[in-house]
Structure formats: structure tokens, C-alpha cells
Amino acid sequence: MANDGFNGSTVTFDSVAVGDLLSIDYSDSVEAIDTTDSADTSHKYLTGIPDPECSVEVVGVPSLSVAATGTLSVAWFDGTTDTMTASVLTEISSSGSVDDKISTTLTFKPAA
């Protein structure tokens, strides 16, 4: 994950730029599975499997459809990358207001 410099970062979906970027949020989490036994003196946990997600905010409304699948690649300006080789577009949310731009948030998760 990038630790400096957003400007100049790019996001592609199946090798096509998704649009003019406003923001990127790439996260990876796991569920904590409580395995505490009645004899334990503190809680104990195992971790579930990773659940990555990437949300991208772009200017305008890109010509993508919910349920589209492909490879998502984030190329951070500092030279690092994040990639979901099999991803699915799970949400598209567009908004706009008076005297401002139209922006769209695209949310990607791993595809089956």
C-alpha cells in the first residue's frame, strides 16, 4: 500500500483507465473468529480469510456496469501497486450538485 503521494496514481480495470481520479481507498481486512474456551482467562481469536475492497472516486460517470468482472490494478504514484486479478464491480454511486462536478464512486471486490 502506498505511503506517500497520491497525485499521479492511476487505476485500470481490464487495462482501461477508469477515469480522472479524485480518490482511491484500497483496504484489506479479516474477520476475527472468537475461539475462547470457558477455561480461558482472556479471549482468543483466529482470523478468517482476507476480504479486500477497493473504492475509486472519479470525475463523471464511467461506462461500466455493476457485475462487470476483470483485473483491477492500482498504480500508486510512489511506485507501489495493488492488484485484484479477478474482481467484480459491486457498486456504482454517482452524485452531483449545483455548480460542482458529477462524481462516481466505484466499489470492487474479489470475484468468484
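For this particular structure, what's the right way to read the overall build of the protein chain?
Within the protein chain, the regular secondary structure consists of 0 helices and 9 strands. In sequence order, the secondary structure elements of the protein chain are arranged as β-β-β-β-β-β-β-β-β. With respect to the three principal axes, the spread of C-alpha positions in the protein chain is 60 × 30 × 30 Å. A buried classification covers 25% of the 112 residues belonging to the protein chain. For the protein chain, the proportion of contacts with a sequence separation of at least 24, taken over those separated by at least 6, is 57%. For the protein chain, the computed accessible surface area is about 7,000 Å², with 51% contributed by carbon and sulfur atoms.

What is the right way to read unusual backbone geometry from this model?
Phi is mostly negative for residues that are not glycine, and the peptide bonds are mostly trans. Of note in the backbone geometry, Asp-14 takes a positive phi value of approximately 55° without being a glycine. Along the chain, the position of Asp-14 falls in the loop between strand S1 (10-13) and strand S2 (16-17). Unlike most non-glycine residues, Asp-99 shows phi in positive territory, near 60°.

Help me understand the sheet that holds strand S8 (residues 81-95) in this model?
Think of a sheet as strands paired side by side through backbone hydrogen bonds, with each pair either parallel or antiparallel. Strands sit in the order S2-S1-S7-S8-S9-S6-S3 across an open sheet of 7 strands; the sheet is antiparallel. Of all the strands in the sheet, just S2 and strand S3 (21-27) have a single pairing partner and so form its edges. Alignment of strand S6 (residues 53-59) against strand S9 (residues 103-110), held across 6 bridges, turns out to be antiparallel. Its bridge partner lying in S9, Val-56 is registered against Leu-106.

When you look at the environment of Phe-77 in this model, what are you seeing that I'm missing?
In this structure, Phe-77 sits in the loop between strand S7 (69-75) and S8. When its relative accessible area of 55% is taken as the criterion, Phe-77 is described as exposed. With 72 residues separating them in the primary sequence, Phe-77 and Gly-5 have C-alpha atoms 5.8 Å apart. Here Phe-77 is in contact with Gly-5, Phe-6, Asn-7, Gly-8 and Ser-9, once residues within four sequence places are set aside.

Mind showing me how you'd approach the pattern of salt bridges here?
Charged atoms that come close allow side chains of opposite charge to pair. Applying the stated criterion to the full structure yields 3 salt bridges. Measuring nitrogen to oxygen at the nearest pair gives 3.2 Å for the salt bridge that ties Lys-44 to Asp-40. On the basis of relative accessible area, Lys-44 is assigned to the partly exposed category, the value being 44%. Given the relative accessible area of 23%, Asp-40 is considered partly exposed. Notably, a salt bridge pairs Glu-53 with Lys-109, separated by 3.0 Å at the nearest N-O pair. Of this pair, Glu-53 sits in strand S6 while Lys-109 sits in strand S9, and the two are 56 residues apart along the sequence.

Criteria and thresholds
Residues numbered from 1 in each chain as written. Predicted model: local features only at pLDDT ≥ 70, side-chain atom pairs only at ≥ 80, totals over all residues. Heavy atoms only, no water. Helix = DSSP H or I, 4+ residues; strand = E, 2+ residues; numbered from the N terminus. Buried < 20%, exposed > 50% of the residue type's maximum accessible area, 1.4 Å probe, protein only. Contact = heavy atoms within 4.5 Å. Areas by Shrake-Rupley, 256 points an atom, 1.4 Å probe, with all protein chains shown as cover. Pairing = 2+ DSSP bridges. Salt bridge = Lys/Arg side-chain N within 4 Å of Asp/Glu carboxyl O.

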